[in-house]
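Descriptive analysis of the structure
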Protein chains: 2
Amino acid sequence: MYAVIMAGGSGTRFWPISRKHRPKQFLNIFGDDPMVVETCNRLKPLVRDEAMTIVLGREHLEEAKNLLRDKKVHILGEPIGRNTAACIGLGALYSEYIGCEGPAAFLPADHFINDVAAFRKGLEEAARIAAPGKIVTLGIIPTRPETGYGYIRRAEAFANSDDIRAYHVSAFVEKPDIEKAKTYLAGGDYFWNAGIFVATPGTILEEIRRYLPGLYQGLERLQRTLGTKDFEREMETVYDELDNISFDYGVMERTDSPVLVIPCHCGWSDVGSWASLYELRSRDYDADHNLVEGETLLLDCKNNFVTERSGRLVVCIGLKNCLVIDTPDALLVAEIERSQEVRKVVEHLTGSKRVKWL
Amino acid sequence: MYAVIMAGGSGTRFWPISRKHRPKQFLNIFGDDPMVVETCNRLKPLVRDEAMTIVLGREHLEEAKNLLRDKKVHILGEPIGRNTAACIGLGALYSEYIGCEGPAAFLPADHFINDVAAFRKGLEEAARIAAPGKIVTLGIIPTRPETGYGYIRRAEAFANSDDIRAYHVSAFVEKPDIEKAKTYLAGGDYFWNAGIFVATPGTILEEIRRYLPGLYQGLERLQRTLGTKDFEREMETVYDELDNISFDYGVMERTDSPVLVIPCHCGWSDVGSWASLYELRSRDYDADHNLVEGETLLLDCKNNFVTERSGRLVVCIGLKNCLVIDTPDALLVAEIERSQEVRKVVEHLTGSKRVKWL
């Protein structure tokens, strides 16, 4: 099995630890390895290093090469971010180039997966039914009426000789309001769309040829320079002209080809905010539900996320439901429930005299 | 008029800005000059620099000399802190030595006074009635049922030819509980004891001779070496044997001599905690009642005290009633109402591996 790991995008949700030049996927926000490294490690029993292609922004190429220096993975730097359609197209093209004839997994680099065995089982099953012409998604079985994720609605079961539990997809559904999310959760026909799917590169490229012909022409031009010194320069020319469009919107929501979904219960999260990271790391809580890292002293504090990454002493007294993120050049103190508003901080800093803190 | 400014004591209530070697009286916690400098400046129209004696801990001598290098004040370093009786005795002795024959004001270096004119008027009036044998205190007219201060209970009016409003003191009263504090406030016979009084040095020394004979003997020994190279060494010997006792307890509560009180309404505070400093600085609030200093960004925050003294960017989101004190090597985040518990932090650090943060 091959894999395309999407590691593009710049981080704003985990400021001040994530910065313009160090987005979330390159950070060890779980206290262990950087997320992109963890994503590679998670795939390892299924995919050889040499069969992994990591697509990311060119500005992060050096960082990624450094983090992944022990792995023989392929790393491609996009000259400019053009959303997931371009990223997946490029990954499919490159996977074919390095020898992929069967199925490849396409997945983001910055997600959290609690039950790795269940996740791998889902990918394996997806690979077994991902015959040419079929796209198989992982559908995360929802555990709460989440309004922050898109959903996948299933149709009838997909009959297969391996007895794999899979369904036809009847629709991709936008982020719902809370009432809809509750009915989705109760009904049992909806899964969270994690943006993880399995298909042969040929299938992906054929879909792009039909639904995103502009992108397809760009990929054809890139194909001619693959493995030559002209590849990088051609990428710049091609990417400059590409539309910014997601693969879900450009292909998955339009295609007539069979799209299947495999229900997966693997403790998945897209780790979209400090608050979700705090919730995911419950196993690290102290007796008062504080998640504490580094040189700290907490007196009568409850339900806080306090992380010291500055070499200083961080002292909290009587604090509740707060986020204290201490880095060498910037400090964030916020109500944990409002950690989504970290984006506003980044907006405030952008274009101000304070760009050095971006 | 002469003055003795008591600047002893090590700071624990304003950690992390105040440290063992930089207590509150040497800090500019109001954003202007250090408190000891402000205390000198406040007295200046009444007292020449050469008539001011500042008594402090020897470990702070260099710091004080540096802060006061532009002033021709006298600075005495006690080898060890022995509470206010020793400090006041030494100050009285030294004031006599440098020529004080009339009244001297004795006052702490680390208090806040909002209405300086009213304060000076109180001291001037006190000086006018402080004939030999009399001790005149300033009684701060209470504005709330404060349980953190000691009180002075007045008796009958003190008749004087200058028509100065003054009373005999009937008792010094310990910090009350809230119910008592409310009756004190309602009755009008009680004032806050600010530890500020006026008397001739001869009167002070005579009181000490009667009520604290051990201290008096020590002061006699010191007197013999005043102005000689043996003074410092003699201080070490004498202080080593002195009792640790306050002037209020050792003298004021026992004396049969006339003790008078002049009511004063000067916006006084002993600035005992971060919370009281926040309240005192209300003129510096922004529209959301935040007191903000330094490089900061606050989004939807109310009633906070945020001070950046580290060169970093401090960002707060959705924070309410909190204290964020950011220094180069330590950070404090606390509920503002619990800022008294900063002392507990200092206790925790004392004797731990973290003494470097004291």
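Residues numbered from 1 in each chain as written. Chains lettered and ligands numbered in written order. Predicted model: local features only at pLDDT ≥ 70, side-chain atom pairs only at ≥ 80, totals over all residues. Heavy atoms only, no water.

Right, let's talk about the overall build of chain A for a bit. Looking only at helices and strands, one finds eleven helices and 17 strands in chain A. The C-alpha radius of gyration of chain A comes to 21 Å, within 12% of the 21 Å expected for a compact globule of 358 residues. Taken along the three principal axes of its C-alpha coordinates, chain A extends 60 × 50 × 35 Å. Residues counted as buried form 56% of the 358 residues belonging to chain A. For chain A, the proportion of contacts with a sequence separation of at least 24, taken over those separated by at least 6, is 65%. Taken together, the 44 basic and 52 acidic charged side chains of chain A have centroids lying 2 Å from each other. (Helix = DSSP H or I, 4+ residues; strand = E, 2+ residues; numbered from the N terminus. Rg over C-alpha atoms; globule rule 2.2 N^0.38 Å. Buried < 20%, exposed > 50% of the residue type's maximum accessible area, 1.4 Å probe, protein only. Contact = heavy atoms within 4.5 Å. Lys, Arg positive; Asp, Glu negative; His and termini not counted. Charge placed at Lys NZ, Arg CZ, Asp CG, Glu CD.)

A separate point is the pairing of strand S1 (residues 2-6) of chain A. Residues and elements named next belong to chain A. The buried fraction of S1 amounts to five of the five residues, a majority that puts the element mostly inside the structure. Here S1 shows two buried faces, one formed by Tyr2, Val4 and Met6 and the other by Ala3 and Ile5. Pairing geometry for S1 and strand S4 (residues 104-108), over five bridges, is parallel. Its bridge partner lying in S4, Ile5 is registered against Leu107. Sheet topology note: the S1/strand S2 (residues 52-57) ladder contains four bridges and is parallel. (Pairing = 2+ DSSP bridges.)

This paragraph deals with the relation of the copies chain A and chain B. At an RMSD of 0.0 Å, chain A and chain B line up after a rotation of 180 degrees and a shift of 0.0 Å along the axis. Taken together, these values place the two copies in the relation of a two-fold axis. Closest approach to the rotation axis among the C-alpha atoms of chain A is made by Val333 of chain A, whose C-alpha sits 4.1 Å away. (Least-squares fit on C-alpha atoms with pLDDT ≥ 70 in both.)

Counting from both sides, the interface comprises 38 residues of chain A and, opposite them, 38 residues of chain B. Roughly 3000 Å² of surface becomes buried between chain A and chain B when both sides are summed, with 62% attributable to carbon and sulfur atoms. Considering only the surface of chain A that becomes buried against chain B, Arg312, Leu313 and Ile317 of chain A emerge as the three largest contributors, covering 23% of it. There are six salt bridges connecting chain A and chain B. (Buried area = accessible area lost by both parts, 1.4 Å probe. Salt bridge = Lys/Arg side-chain N within 4 Å of Asp/Glu carboxyl O.)

Residues and elements named next belong to chain B. The interhelical angle for the contact between helix H3 (residues 83-97) and helix H6 (residues 201-211), taken along N-to-C directions, is 135 degrees, at an axis separation of 9 Å. The orientation of H3 with respect to H6, classified from their angle, is oblique. The two elements H3 and H6 cross, and the hand of that crossing is left-handed. Together, Ala85, Ile88, Gly89, Ala92, Leu93, Ser95 and Glu96 of H3 and Pro201, Gly202, Ile204, Leu205 and Ile208 of H6 make up the contact between the two elements. Residue composition of the contact of H3 with H6, by class: eight nonpolar, three polar and one charged. (Axes fitted to C-alpha atoms, helices over the stretch in contact; angles between N-to-C directions. Parallel < 35°, antiparallel > 145°, perpendicular 65-115°, else oblique. Left-handed = near helix turned anticlockwise from the far one by under 90°. Nonpolar A, V, L, I, M, F, W, Y, C, P; charged D, E, K, R; others polar.)

Bringing unusual backbone geometry into the picture now. The bulk of non-glycine residues show a negative phi, and the bulk of peptide bonds are trans. In this structure, the amide linkage connecting Trp15 of chain A to the following residue, Pro16 of chain A, adopts the cis form with an omega of 5 degrees. Looking at the element boundaries, Pro16 of chain A is found in the loop between S1 and helix H1 (35-43). A positive phi angle is found at His289 of chain B, which is not glycine, with a value near 60 degrees. Note on placement: His289 of chain B falls in the loop between helix H10 (274-280) and strand S12 (291-293). Look at His289 of chain B and you get partly exposed, because its relative accessible area is 42%. Even without being a glycine, Asn321 of chain B presents a positive backbone phi close to 55 degrees. Within the fold, Asn321 of chain B resides in the loop between strand S15 (313-317) and strand S16 (322-326).

Take the sheet that holds strand S12 (residues 291-293) of chain A next. Paired through backbone hydrogen bonds, the strands of a sheet run either parallel or antiparallel to each other. Across the sheet, six strands lie side by side as S12(A)-S14(A)-S16(A)-S17(A)-S15(B)-S13(B); this open sheet has mixed pairing. The sheet is open, and its two borders are formed by S12 of chain A together with strand S13 (296-299) of chain B, each paired with just one other strand. Each strand axis lies, on average, 5 degrees off the axis of its neighbour in the sheet, ignoring direction. Pairing of strand S16 (residues 322-326) of chain A with strand S17 (residues 330-335) of chain A involves five bridges; the strand directions are antiparallel. Within the sheet, the bridge partner assigned to Cys322 of chain A lies in S17 of chain A and is Glu335 of chain A.

A few words on the side chain of Glu207 of chain B. If you trace the backbone, Glu207 of chain B turns up in helix H6. If sequence neighbours within four positions are ignored, Glu207 of chain B has contacts with Ile135, Leu212, Val251, Thr255 and Ser257 of chain B.

Per-residue pLDDT for chain A has a mean of 95; in total, 100% of the residues score no lower than 70. The ipTM assigned to the predicted complex is 0.86, against a pTM of 0.86. (pLDDT = per-residue confidence, 0-100.)

Our next topic: the nonpolar core. Counting residues in each nonpolar core, the largest one holds 95 residues, and the members touching the most others are Leu43, Ile54, Phe119, Leu123, Ile204 and Trp268 of chain B. Aside from chain neighbours lying at most four places away, what touches Trp268 of chain B is His111, Phe112, Ile113, Ile140, Tyr149, Trp192, Asn193, Ala194 and Ile196 of chain B. (Core = buried A, V, L, I, M, F, W, Y, C linked by side-chain atoms within 4.5 Å.)

On to the environment of His21 of chain A, then. Residue and element names in this part refer to chain A. By the secondary structure assignment, His21 is in the loop between S1 and H1. The class for His21 is exposed, based on a relative accessible area of 52%. Each C-alpha atom of the pair His21 and Gly11 lies 8.3 Å from the other, and the pair is ten residues apart in sequence.

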